[in-house]
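Descriptive analysis of the structure
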Amino acid sequence: MSDYRDVQTAVRVEKFRIWFAWVAGGIIMLIITNATRYVAVVSVITQALLVILGVLSTIAAVRMTNALNRKAEAKRREVLGDL
């Protein structure tokens, strides 16, 4: 059972790291958008690129979280014998 607990702890830590990086990236994108606010063409291009990157990073974070959930579920089934 301790093996499953170790996996759960590792999954929880990795999820925290994934979502912390996502939030930090979002804050950095907001800072960049704010910095280019008064430069007409650069501002529009920057905002468009950052929206696209934001959507892609959100999709990546959700997919990584789902993969970790599947890994934890497989380990739980292995430990409980629900293969």
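It should be noted that the structure appears before, not after, this text.
Definitions and cut-offs
Residues numbered from 1 in each chain as written. Predicted model: local features only at pLDDT ≥ 70, side-chain atom pairs only at ≥ 80, totals over all residues. Heavy atoms only, no water. Patch = residues over 30% accessible without salt bridge, like charges linked within 9 Å, V, L, I, M, F, W, Y side chains within 5 Å. Areas by Shrake-Rupley, 256 points an atom, 1.4 Å probe, with all protein chains shown as cover. Salt bridge = Lys/Arg side-chain N within 4 Å of Asp/Glu carboxyl O. Helix = DSSP H or I, 4+ residues; strand = E, 2+ residues; numbered from the N terminus. Buried < 20%, exposed > 50% of the residue type's maximum accessible area, 1.4 Å probe, protein only. Core = buried A, V, L, I, M, F, W, Y, C linked by side-chain atoms within 4.5 Å. Contact = heavy atoms within 4.5 Å. Phe/Tyr/Trp six-rings, centres within 6.5 Å; stacked < 30°, edge-to-face > 60°. Polar contact = N/O pair within 3.5 Å; in protein donor to acceptor, adjacent residues only side chain to side chain.

Right, let's get into a nonpolar patch on the surface. Together, Val 51, Ile 52, Leu 53, Val 55, Leu 56 and Ile 59 make up an exposed nonpolar region whose accessible area comes to about 550 Å². In this structure, Ile 59 sits in helix α2 (residues 40-80). By relative accessible area, Ile 59 is classed as partly exposed at 44%.

If you look at the biggest cluster of nonpolar residues, it comprises 6 residues: Val 7, Val 11, Ile 18, Ala 61, Leu 68 and Ala 72. Those elements that provide at least two residues to this core are α1 (2-35) and α2. Among residues more than four places away in sequence, those in contact with Leu 68 are Val 11, Glu 14, Lys 15 and Ile 18.

On inspection of all chains with the given rule, the structure shows 4 salt bridges. Close ionic contact of Arg 17 with Glu 14 constitutes a salt bridge, the shortest N to O distance being 3.1 Å. Here Arg 17 pairs with Glu 14, and both are found in helix α1, just 3 residues apart, close to one helical turn. Given the relative accessible area of 52%, Arg 17 is considered exposed. With a closest N to O distance of 3.2 Å, Arg 77 and Glu 73 form a salt bridge. Pair noted here: Arg 77 and Glu 73 are both in helix α2, with a separation of 4 residues, about one helical turn. Each of Glu 73, Arg 76 and Arg 77 takes part in a single network of salt bridges with overlapping partners.

This next bit is on the packing of aromatic side chains. According to the stated counting rule, one finds 2 aromatic pairs in the structure shown. With 5.9 Å between their ring centres and 20 degrees between their planes, Phe 16 and Phe 20 make a pair best called stacked. Here Phe 20 and Phe 16 lie together in helix α1, a separation of 4 residues that amounts to about one turn. Residue classification places Phe 16 among the exposed positions, given a relative accessible area of 58%.

With that settled, the discussion passes to the environment of Asn 34. Structurally, Asn 34 can be placed in helix α1. When the C-alpha positions of Asn 34 and Gln 47 are compared, they lie 9.6 Å apart, and in sequence the two are 13 residues distant.

So, on to the environment of Asn 69. Along the chain, the position of Asn 69 falls in helix α2. Remark: the alpha-carbon pair of Asn 69 and Val 55, spanning 14 residues in sequence, is separated by 21 Å. A polar contact of 2.4 Å, which involves the side chain of Asn 69, links it to the side chain of Lys 15.

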